[in-house]
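Chain residues, written in single-letter form:
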Amino acid sequence: DIITCSGDFTTSGGLIGQSCLTLDGTDEYASTTSAVAVGTNSAWTIEGWMKRDNGTSGNQVFVELKTASDNNNRVWVNIDTDAVQMLIYSNSGSQAVVATANQGLNDGKWHHIAVTYDSTTCQIYVDGKLTTSEVISKTVDNTDDRIINIGANVGTYANGFTGSIDEVRIWSDV
């Protein structure tokens with residue numbers, strides 16, 4: 001599959017080499033050009049590195065998996081000022097939110113974020129430490145292919161990320 005990057009962003013000083021996306025929070029993001037099968041029906045992990053600009057606040061998209069038309073089977077990892085949120089939408093579009101608090105994420109330093117879901121329990125890790133674990137029960141189908149966006153919402157391109165994102169991975173296991 002092809003990933004299209006939009007905006008005038010630069011690649012600079014990632015953790016390994018010169019590989020990260022540096023985004024301005026307004027019109028820069030990375031996205032698959034079309035929906036792809038991502039395998040998020042039973043167990044999965046989304047992980048990657050991020051560095052927010054010093055003092056950045058507000059909701060900003062880290063990674064989002066979504067169909068272009070509705071919220072069914074949507075998965076959205078969001079950085080909200082100083083916390084990580086994972087929003088999971090069921091196959092009927094109902095939402096569950098799992099969130100951390102006071103993680104020190106707006107300090108201009110690199111942080112590793114990982115979120116997992118095994119069809120029952122959502123876990124959020126920050127810098128390798130489990131910060132929250134919550135039982136939620138959302139049926140997420142793997143029948144809908146999803147667009148993958150890094151750094152902004154799918155379709156609206158709102159909630160742009162201000163800072164750098166590197167080495168995002170989506171695993172079909174916890």
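The sections below set out a description of the structure shown in this document. (Residues numbered from 1 in each chain as written. Predicted model: local features only at pLDDT ≥ 70, side-chain atom pairs only at ≥ 80, totals over all residues. Heavy atoms only, no water.)

### Side note on the overall build of the protein
Secondary structure assignment for the protein yields 0 helices and 14 strands. Secondary structure elements of the protein occur, N-terminal to C-terminal, as β-β-β-β-β-β-β-β-β-β-β-β-β-β. Considering only contacts in the protein between residues 6 or more positions apart, those separated by 24 or more positions represent 63%. Surface summary for the protein: the accessible area is close to 7600 Å², and the carbon and sulfur share equals 46%. (Helix = DSSP H or I, 4+ residues; strand = E, 2+ residues; numbered from the N terminus. Contact = heavy atoms within 4.5 Å. Areas by Shrake-Rupley, 256 points an atom, 1.4 Å probe, with all protein chains shown as cover.)

### Some points on the pattern of salt bridges
Working definition: two side chains of opposite charge can pair if their charged atoms are close together. A complete count under the given rule lists 2 salt bridges for this structure. With a shortest N-O distance of 2.5 Å, Arg74 and Glu64 are connected by a salt bridge. One end of the pair, Arg74, is in the loop between strand E6 (59-66) and strand E7 (75-80); the other, Glu64, is in strand E6, and 10 residues separate them in sequence. A salt bridge links Arg169 to Glu167, with the shortest nitrogen-to-oxygen separation between them at 3.9 Å. (Salt bridge = Lys/Arg side-chain N within 4 Å of Asp/Glu carboxyl O.)

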